[in-house]
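Analysis of the macromolecular model
These are the residues of each chain, in order.
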Amino acid sequence: MKNYNTLSEAINDLQTNEYPYDFNLKPECLECASLKIEIRPEDFKVDKIYRFEGMSSTDDNSILYAISSKKELKGLLVDAYGVYAENISEAMRKKLR
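Reference entry: report on the structure contained in this document. Computed from a predicted structure; not experimentally measured. (Residues numbered from 1 in each chain as written. Predicted model: local features only at pLDDT ≥ 70, side-chain atom pairs only at ≥ 80, totals over all residues. Heavy atoms only, no water.)

A look at the sheet that holds strand 3 (residues 30-32)
In space, the 3 strands of this open sheet follow the order 2-3-4, with antiparallel pairing throughout. Two strands bound the open sheet, and with one partner strand each, they are strand 2 (24-25) and strand 4 (37-39). Pairing of strand 2 with strand 3 involves 2 bridges; the strand directions are antiparallel. Across the sheet, the residue bridging to L25 is L30, located in strand 3. (Pairing = 2+ DSSP bridges. Helix = DSSP H or I, 4+ residues; strand = E, 2+ residues; numbered from the N terminus.)

Regarding the pattern of salt bridges
Scanning the model with the defined rule gives 8 salt bridges in all. Between K2 and D13 there is a salt bridge, and its shortest N-O distance comes to 3.6 Å. Residue K2 is found in the segment before helix 1 (7-17), and its partner D13 is found in helix 1; the two are separated by 11 residues along the sequence. Counted as one network, the salt bridges with shared partners bring together E18, K48 and K74. (Salt bridge = Lys/Arg side-chain N within 4 Å of Asp/Glu carboxyl O.)

A word on the sheet that holds strand 1 (residues 21-22)
The strands making up a sheet associate through backbone hydrogen bonding, with each pair oriented either parallel or antiparallel. Reading across the sheet, the 4 strands line up as 1-7-6-5 and stay open at both edges, with mixed pairing between neighbours. Two strands close off the open sheet at either side, each with one partner strand: strand 1 and strand 5 (44-52). Pairing geometry for strand 1 and strand 7 (residues 74-80), over 2 bridges, is parallel. Paired with Y21 across the two strands is G75, which belongs to strand 7.

Topic: the environment of S62
Of note, S62 is situated in strand 6 (residues 62-69). Here the alpha-carbon distance between S62 and A80, two residues 18 residues apart in the chain, equals 4.1 Å.

What about the pairing of strand 7?
Relative to strand 7, strand 6 is paired through 7 bridges, and the arrangement is antiparallel. Across the sheet, I63 pairs through a bridge with D79, a residue of strand 7. The hairpin turn running from strand 6 into strand 7, its antiparallel successor, is 4 residues long, and E72 in that turn takes a positive phi close to 60°.

What about the nonpolar core?
Core analysis: the biggest nonpolar cluster contains 13 residues, and F23, L30, F44, I67, L77 and L96 have the highest contact counts within it. The greatest single-element share of this core, amounting to 3 residues, is contributed by strand 6. Other than its neighbours up to four places away in sequence, I67 contacts Y19, F23, L30, F44, K45, V46, D47, L73, K74, G75 and L77. Counting 9 residues, the second-largest nonpolar core is a separate cluster that includes A10, Y50, L64 and L76. (Core = buried A, V, L, I, M, F, W, Y, C linked by side-chain atoms within 4.5 Å. Buried < 20%, exposed > 50% of the residue type's maximum accessible area, 1.4 Å probe, protein only. Contact = heavy atoms within 4.5 Å.)

All quantities given are derived from atomic positions and should not be read as evidence of function.
Here's what the structure looks like:
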């Protein structure tokens with residue numbers, strides 16, 4: 001797995017090479033707004049996880065998930081550390097561990 005120094009560097013590289021779509025986190029699924037589809041937890045897998053820690057503040061911490069779906073759709077999800085824990089279903093929480 002390749003190492004990245006910054007979140008933006010990782011996003012740019014992964015979008016260019018393998019994971020072109022952006023996913024948004026919803027309580028029960030992932031949403032790909034550009035394609036107007038939702039992907040349920042049973043229909044995707046987390047291929048890679050990258051953690052980034054802000055140098056000046058813990059508020060800058062984030063996780064980048066590289067995700068692929070059963071329909072061969074690949075994209076990225078960016079989330080802050082721990083934020084998703086309160087806002088998503090148990091199935092989504094387990095999938096993103």
